[in-house]
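Close look at the chain arrangement
The chain contents come next:
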Amino acid sequence: GNFSNVNDMFARLMGYNFTVRNNLITERGAIIANFYAFLITPRGASPVIPHGIKIYDNTAYSDDGGGFILANVCSTCVNTEVRNNIVFSPSTTNGKIVQGSAAGLDVRNNIGYFPADPADCVSASGASTCTNPLFVSTDSSSADFLKVQSNSPAIDSGGVVPVYSDYLRNTRPGNSIWDVGAYEN
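This section reports on the structure supplied with the text.

About the criteria used
- Residues numbered from 1 in each chain as written.
- Predicted model: local features only at pLDDT ≥ 70, side-chain atom pairs only at ≥ 80, totals over all residues.
- Heavy atoms only, no water.
- Helix = DSSP H or I, 4+ residues; strand = E, 2+ residues; numbered from the N terminus.
- Rg over C-alpha atoms; globule rule 2.2 N^0.38 Å.
- Buried < 20%, exposed > 50% of the residue type's maximum accessible area, 1.4 Å probe, protein only.
- Contact = heavy atoms within 4.5 Å.
- Areas by Shrake-Rupley, 256 points an atom, 1.4 Å probe, with all protein chains shown as cover.
- Lys, Arg positive; Asp, Glu negative; His and termini not counted.
- Charge placed at Lys NZ, Arg CZ, Asp CG, Glu CD.
- Pairing = 2+ DSSP bridges.
- Axes fitted to C-alpha atoms, helices over the stretch in contact; angles between N-to-C directions.

1. Notes on the overall build of the protein
Within the protein, the regular secondary structure consists of zero helices and 13 strands. Along the protein, from the amino end to the carboxyl end, the secondary structure elements read β-β-β-β-β-β-β-β-β-β-β-β-β. At 15 Å, the protein has a C-alpha radius of gyration in line with the 16 Å of a compact globule built from 185 residues. Projecting the C-alpha coordinates of the protein onto the three principal axes gives extents of approximately 50 × 40 × 30 Å. Buried positions account for 49% of the 185 residues belonging to the protein. Taking all contacts inside the protein whose residues are at least 6 apart in sequence as the whole, residues at least 24 apart take part in 63%. Accessible area for the protein stands at about 7800 Å²; split by element, carbon and sulfur atoms hold 49% of it. Counting 11 positive and 15 negative side-chain charges, the protein places the averaged centre of each group 9 Å from the other.

Below, the structure is given as structure tokens:
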């Protein structure tokens, strides 16, 4: 996993059959219209259509009021999976797990917490409810940065994915059920 503190996009994903996992992504600084943790787009003059991209077990946090979107999926993308991620932005009025739609898009077991715009919230079960992931700290200088508390709804709420270690290289799952986000408790 990687740690990033950027202010427009974490990664542009172009290609096929790869997995992005266990990242801590923060967006801080100037308020921008939309921040995309992962922007999935075709590439090249004869575009390679993205397919088979998997986004698993990431934790994304923004403390500004601009749009905050985990994955922007192109309309021509095929078989994109977005599972077991936490996206938290306390002040955004445009928060989303996924923006766009495509053939074979599979979005499950994610927590999207956007209290300033409750209509965009989603719980790990897929319900449209604002479920706070209960971070220990949102201070990037803390050793507990974006780790979840022991009573977090992210614990034991993930689906089975082929990711067998977390951001700190702890074994996944910690028991028999995957956690949501970059850390396994």
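2. Considering the sheet that holds strand β12 (residues 106-108)
Spatially, four strands are ordered β3-β6-β9-β12 in an open sheet, and the strand pairing comes out parallel. Each edge of the open sheet carries a strand with a single partner, namely β3 (16-21) and β12. The sheet shows a mean angle of 5 degrees between the axes of neighbouring strands, taken without regard to direction. Here three bridges tie strand β6 (residues 51-56) to strand β9 (residues 81-83), and the two strands are oriented parallel to one another.

3. Observations regarding the sheet that holds strand β11 (residues 95-99)
Backbone hydrogen bonds hold the strands of a sheet together, and the pairing may be parallel or antiparallel. Read from one edge to the other, the open sheet built from four strands follows the order β2-β5-β8-β11, with strand pairing classed as parallel. Each edge of the sheet is formed by a strand with only one pairing partner; in this case those strands are β2 (9-13) and β11. Each neighbouring strand pair of the sheet contributes to a mean axis angle of 15 degrees, computed without reference to strand direction.

4. Some points on unusual backbone geometry
Cis geometry is found at the peptide bond from Arg172 to Pro173, where omega equals -10 degrees. Following the sequence through the fold, Pro173 ends up in the segment after β13 (111-113). Unlike most non-glycine residues, Asn109 shows phi in positive territory, near 55 degrees. With respect to the helices and strands, Asn109 occurs in the loop between β12 and β13.

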